[in-house]
Structure formats: C-alpha cells, structure tokens
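Structure at a glance
Listed below are the residues making up each chain.
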Amino acid sequence: MEDVNQLFDAAFEFAHYPGAQNETSVKEFLDRFPLPVIFNALQTDPDIPGFENTLVTCLERLFKTKYGASLIPQYMPVLQVGLKADSAVVKSLACKTVLCLLEDCDTNDVSSVQLVVNNGIYPLLLDYIINSDDEVANAASETIKSLARFPDAMSVIFPSETNDPTHLRNLAARCSSLARVRVLSLIVKLFSISRLVASEVKKSGLLDLLEAEMKGTKDTLVILNVLELYYEMNAEVNGSGAQFRVRATNITYSAVVFYHQFFFSGSYVLYSGTSTGPYEKLRAMMISGRLLSKENIYKVVEEARPVVPCLKASVCCAHKTSDEVEKLTTNCFVSECVKALISAIDGSLESVEMNDTDAQEAAIDALGQMGSTTKGADLVLSTSPPAARHVVASAFDRNAHGKQLAALHALANIAGETRPKSNRIVDGKAEESLRCLIYDAAAQSTKLTPSGLFLSVLQQSSEIRLAGYRTLTALVARPWCLVEILAKEEIINIVTDATTETAKIAMEARYNCCKAIHEAFLCSNFVDDPRRLKTGDKLQEAVRSGPYMSKKHRGARPEVMTGEGF
C-alpha cells in the first residue's frame with residue numbers, strides 16, 4: 001500500500017507539473033516507476049480518490065514525449081488489454097497511446113502500421129466508435145485518422161473485399177443511428193486528409209452513405225448531425241480533395257435541396273408527416289446560413305448541375321409519393337434551391353409561431369450570411385417580397401437590442417462589407433430594393449430619413465455602433481447613402497472622432513467606416529463643391545491620423561527642467 005501511495009504522489013506531481021516535461025525527467029520517473037508497475041497499479045482498485053484518473057493523465061503525458069513514445073512498441077500486448085478494459089478512461093488512454101505511437105513515426109515507416117494490424121487493434125478502434133461513449137469514440141476516430149496518413153494502412157481502412165466486417169460501409173449498415181453518424185463523421189475526416197485517402201474514400205463509395213442516411217431516416221437529431229457533416233465536408237474539401245470537387249459539390253447540392261425540403265414540408269423529407277420543431281428549424285437555419293456564405297458555392301454547384309428533383313415540382317407535389325416526385329427531374333440550378341430556402345426563412349419570420357427571440361435572431365443571421373455573397377445578396381433582395389425587409393426593419397428597431405444587433409450585422413453583410421470593394425454593388429433590381437427598404441423604414445419611423453436612422457444607430461451602445469460602422473462602410477458605396485451621410489454633420493463628427501471608441505475592434509471599425517466615406521466622397525461630385533470643403537478636409541485628416549491617434553488622449557510626455565537646489 002505504501003508503494004501505491006508513493007506511485008500516486010509521484011504520478012500526481014508529474015501529471016500536474018506546469019509546462020512540458022523534458023526527456024530527462026521522464027526517464028527518471030520511469031526508472032523509479034517502470035511502465036509494468038504503473039500498468040499493474042491500474043488493474044488494482046486502491047481506496048485512493050482520483051487514483052485511476054491521475055495515473056491515466058500521467059501516462060498520457062509520458063507517451064507524448066519522445067522517450068515515452070519510443071517505449072510503446074514494447075508494450076503492445078498491454079495496449080490490447082487496455083483496449084479491452086471496462087473503464088472508459090483506460091480505453092481512452094489506450095487509444096491515445098496508439099495515437100502517440102503513430103504520430104511519433106514517419107509515414108513511410110511500415111513498422112507502426114504492422115504493430116497496429118498484427119495486434120488486432122484496428123477492429124477494436126472501430127468497435128469503440130460504434131459502442132463506446134463520445135470521449136472514447138472520438139479518441140478512436142482520431143487514432144484511425146492518424147493511421148490513415150500511412151500509405152500502407154489503406155488496405156486496412158479500405159479493404160478490397162466488400163464483405164469484410166471492417167469495411168466502413170458494412171460497419172454503418174449494422175450499427176445504431178447514433179453510431180452511424182459517428183461512422184459518417186469518420187468518413188468526412190478521412191476525406192480531408194490527403195489526395196490518396198480521398199481517392200480511397202471515393203472508390204469505396206463511402207460518400208454515398210451521407211446521401212443515403214439523409215434520405216433513409218426520420219430521426220431529427222440524426223438529420224441535423226448529417227447536415228453538420230455536409231457543412232464540414234464543404235469546408236474541409238481543400239487542396240487534398242480538389243480533384244473530387246464535383247463529387248463533393250453534388251453532396252453540397254443535395255444538402256441545399258434538403259434545406260428546401262426541410263422548411264417547405266415541415267419535416268425531414270416531403271413525404272414524412274412529422275412536424276418540425278422550433279429547435280430543428282433553428283439549427284437548420286444556422287447550418288444553411290453557414291453553408292451558403294461561401295462565394296464559390298454558387299459557381300461550383302452551377303458547374304456541376306446534378307440532376308435532382310426539381311424544387312418547383314417538389315413544392316407542387318408535396319403530397320405525392322417519393323417515386324412520383326423523383327420522376328419530375330430536371331437540371332435545377334442552385335439559385336432555385338436558395339430562393340426556396342430564403343422564402344422558407346421569410347415565411348418562418350412571418351409566422352406567429354416564430355415568437356422566440358433567439359429563433360428570430362438566428363433567422364436574421366442566416367439571411368445575412370446568405371446575403372454575404374454577391375449572388376446571395378441578389379437573391380435576398382430580389383425575392384418578392386424581399387426577405388431582406390426583416391433585416392432592415394429590425395436593424396433600426398431600438399426596442400429589441402439583440403435582434404437589432406444581429407440585423408445590423410446581417411445588413412452589413414448583405415450590403416457587402418465582407419465582400420471585395422469591387423463586388424459590393426449588386427444588380428440593379430437588388431440595389432433598388434435595398435434603397436427602397438431603407439427609405440421605407442425611415443419613412444415609417446420618427447426619424448423620417450435614412451440619415452436620421454444612421455445617426456440614431458451611432459448614438460447607441462458601443463456594440464451597436466460597431467455594427468453600425470460596418471453597415472455604413474458597405475452602404476456608402478451607393479451614391480444615395482453618401483448623400484444621406486453628408487446630410488447629417490453629426491455622423492461625420494462621430495466617424496472622424498478618434499475618441500469615440502475605446503475598444504480596439506471598435507476603433508478599427510470606426511476608422512474603416514471613415515475611410516470608406518472618404519473614398520466615396522473623393523469619387524463623387526461633392527469633392528468639387530465648395531460647401532463640402534470642410535467636410536472633405538475633416539475626413540482626410542481623420543484618415544491620415546489612423547484608427548488610434550487622438551489629440552485628446554495623448555500619452556504622457558516627460559518634462560525636463562532644472563532641478564531645484566536643496
């Protein structure tokens with residue numbers, strides 16, 4: 001018992017040592033307490049609070065060192081025992097230990113892969129993914145992801161025999177819906193590792209599982225998890241998976257079609273009769289907004305043009321069977337999908353059931369993210385009636401702080417603050433819609449003019465002002481907005497006053513707004529107007545001073561003078 005106490009004290013000190021342990025201290029610890037001693041202690045059950053967790057944390061830190069990782073191959077049988085242990089903590093440790101082994105080796109070193117294969121570790125890792133808790137499953141997934149870096153591991157992870165029980169397709173087919181989502185998540189992670197792994201994923205037909213899962217389940221939580229995986233797939237397809245862009249694009253397109261179905265049918269698919277709850281709608285709006293905030297998604301998906309059920313036909317055939325709707329196919333462009341989705345969000349905001357503030361903010365934020373792209377802004381502003389009316393109305397409503405803040409940021413996105421300056425102006429119809437929405441909002445308020453609305457925003461709290469700066473930075477690219485800004489000298493005074501803001505991000509937002517107004521001023525006819533000479537000089541001086549310089553808040557300066565005699 002005394003030895004166990006000594007081990008616990010030493011392990012506790014080692015595990016909680018601040019900073020990284022050097023190789024010398026690791027060797028000294030293991031000379032005093034060899035690994036077999038620690039492993040045997042883990043199998044005991046001493047009446048010491050936190051004993052198991054302390055030893056596990058200690059071993060994790062040991063194996064993350066170069067010396068500790070070099071000892072792992074000698075104890076592969078012990079790892080097998082750990083992987084089969086009842087304790088979730090020990091299982092997680094075993095997974096992380098294998099991960100340390102793999103990360104310590106070069107990908108051209110076949111010995112580490114052979115150790116994993118010869119000791120039957122890979123099937124155990126798969127079993128953890130489908131049968132263990134989230135922490136152990138995640139540790140197993142990360143270990144398999146690291147194993148996939150080795151070219152020699154391709155035949156292990158992607159067996160040529162389709163009936164192999166370790167084939168991920170077969171694994172997904174025989175497990176629960178939750179475990180299947182974990183398998184799909186692993187597939188998405190594998191796809192983003194390298195071209196070689198992406199090629200194996202494609203050849204194995206594993207990408208089809210995402211579409212099949214979305215079409216074949218009525219479990220709302222599973223559906224939302226698959227949607228998150230679609231977004232991850234879209235985000236993680238970079239250079240490593242570029243050669244499969246079209247295939248990944250088809251998945252993205254299917255996800256967009258699903259969003260349309262999700263809202264218009266009030267359920268996962270048009271053909272199921274279950275209703276969609278507010279939480280599911282909230283999550284779907286958030287995911288769809290993130291997915292459609294990328295500028296290239298329209299171009300890439302338009303190029304792919306997969307043949308899918310026509311959305312208009314789907315809407316008309318909401319009560320038809322799946323087979324009947326599947327027959328109504330055509331080359332449907334992604335803009336039609338997004339229009340349907342925007343219309344659905346618009347309808348949600350109009351619904352009396354959408355009385356939850358968080359849900360309203362999420363819907364407005366989704367519209368803003370969709371409108372952050374040039375094509376998305378066209379669609380948000382050009383629908384009939386324009387869905388952006390909710391954004392504009394809320395942006396200047398002082399009665400709901402959180403909703404106003406979300407709306408101002410959304411309006412800034414739609415107006416082009418996140419887009420390159422050359423892409424801030426959208427097409428004529430959308431621009432006219434934006435102008436009319438803002439003038440209508442002003443006419444229905446006590447301010448009467450857009451300049452009054454802008455000034456009201458800049459006179460509110462710091463976070464509202466920051467959102468207001470972003471909005472004006474984008475809007476001032478329109479001549480009518482410049483006219484409104486110049487109509488209120490107070491607006492110019494606020495954006496040129498370096499003492500207005502104290503937070504760095506707010507200072508920079510104010511400066512960017514001032515600079516945008518100055519650039520628009522120089523490109524306008526006002527630059528030659530003698531009545532605007534002082535305004536131009538004021539803007540120019542503020543731009544020259546930078547975001548942080550302030551005449552009123554200068555740093556302390558030492559004064560040198562003759563010392564008085566004693």
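In short, a report on the structure. All of these numbers come straight from a predicted model, not from anything done at the bench. (Residues numbered from 1 in each chain as written. Predicted model: local features only at pLDDT ≥ 70, side-chain atom pairs only at ≥ 80, totals over all residues. Heavy atoms only, no water.)

**Some words on the overall build of the chain**
Scanning the chain from N- to C-terminus turns up 33 helices and 2 strands. A fraction of 71% describes how many contacts in the chain between residues 6 or more apart in sequence connect residues 24 or more apart. Summed over its atoms, the accessible surface of the chain is roughly 26900 Å², and 52% of this surface lies on carbon and sulfur atoms. (Helix = DSSP H or I, 4+ residues; strand = E, 2+ residues; numbered from the N terminus. Contact = heavy atoms within 4.5 Å. Areas by Shrake-Rupley, 256 points an atom, 1.4 Å probe, with all protein chains shown as cover.)

**A few points about the state of the cysteines**
Inspection of the entire model under this criterion finds 0 disulfides. This cysteine, cysteine 481, is not joined by any disulfide, and cysteine 513 carries the nearest cysteine sulfur, 8.8 Å off. Here cysteine 481 falls in the buried class, since its relative accessible area comes to 0%. (Disulfide = S-S within 2.5 Å. Buried < 20%, exposed > 50% of the residue type's maximum accessible area, 1.4 Å probe, protein only.)

**Some points on empty space enclosed by the protein**
Within the structure shown, the criterion is met by 2 cavities of 30 Å³ or more. Here the second largest cavity defines a volume of roughly 50 Å³. If you go around the second largest cavity, the residues you meet are Phe396, Leu408, Phe454, Val457, Gly468, Thr471 and Leu472. Of all the secondary structure elements, the ones that give two or more residues to the lining of the second largest cavity are helix 28 (450-458) and helix 29 (462-475). Ranked by residue count, the leading element in the lining of the second largest cavity is helix 29, at 3 residues. By residue class, the composition of the lining of the second largest cavity is 5 nonpolar, 2 polar and no charged. (1 Å grid on protein atoms, 1.4 Å probe; cavity = no way out; pocket = protein on both sides within 12 Å on 5 of 7 lines; lining within 4 Å. Points joined across faces, edges and corners; volume = space filled by probe spheres on them. Nonpolar A, V, L, I, M, F, W, Y, C, P; charged D, E, K, R; others polar.)

**Considering the pattern of salt bridges**
Throughout the structure, instances matching the rule amount to 12 salt bridges. We note a salt bridge from lysine 421 to glutamate 519, for which the minimum N-O separation is 3.1 Å. Residue lysine 421 is located in the loop between helix 26 (401-415) and helix 27 (428-443), and its partner glutamate 519 is located in helix 32 (residues 504-522); the two are separated by 98 residues in the primary sequence. Judged by its relative accessible area of 53%, lysine 421 falls in the exposed class. (Salt bridge = Lys/Arg side-chain N within 4 Å of Asp/Glu carboxyl O.)

**Some thoughts on the packing of helix 31 (residues 489-496) against helix 33 (residues 533-545)**
It is at 10 Å that the axes of helix 31 and helix 33 come closest, and there the two elements cross at 20°. One way to sum up the angle between helix 31 and helix 33 is to call them roughly parallel. For helix 31 against helix 33, the interelement crossing comes out left-handed. Counted together, Ile492, Asn493 and Thr496 of helix 31 and Thr535, Lys538, Leu539 and Ala542 of helix 33 form the full contact between these two elements. For the contact of helix 31 with helix 33, the per-class residue count stands at 3 nonpolar, 3 polar and 1 charged. (Axes fitted to C-alpha atoms, helices over the stretch in contact; angles between N-to-C directions. Parallel < 35°, antiparallel > 145°, perpendicular 65-115°, else oblique. Left-handed = near helix turned anticlockwise from the far one by under 90°.)

**Digging into the nonpolar core**
If you look at the biggest cluster of nonpolar residues, it comprises 88 residues, and the most contacted ones within it are Phe29, Ile38 and Leu168. Take this core: its biggest share by element is 9 residues, from helix 13 (residues 177-191). In this structure, leucine 168 is in contact with Tyr122, Leu126, Val183, Leu186, Ile187, Leu190, Leu206 and Leu209, ignoring residues within four places of it in sequence. By size, the runner-up hydrophobic cluster in this structure holds 70 residues, among which are Leu367, Leu379, Ala467 and Ile485. (Core = buried A, V, L, I, M, F, W, Y, C linked by side-chain atoms within 4.5 Å.)

**Section: unusual backbone geometry**
Among all residues save glycine, negative phi is the norm, and among peptide bonds the norm is trans. With omega at -5°, the peptide bond leading from serine 384 into proline 385 counts as cis. Tracing the sequence through the fold places proline 385 in the loop between helix 24 (374-382) and helix 25 (388-395).

**Structural notes on the packing of helix 24 against helix 27**
Where helix 24 contacts helix 27, the two axes come as close as 8 Å, and the packing angle between them is 55°. Judged by the angle between their axes, helix 24 and helix 27 are oblique. As helix 24 runs across helix 27, the sense of the crossing is left-handed. Mapping the contact onto sequence places Asp378, Leu381 and Ser382 in helix 24 and Lys429, Ala430, Ser433, Leu434 and Leu437 in helix 27. Its residues assigned to classes, the contact of helix 24 with helix 27 comprises 4 nonpolar, 2 polar and 2 charged.

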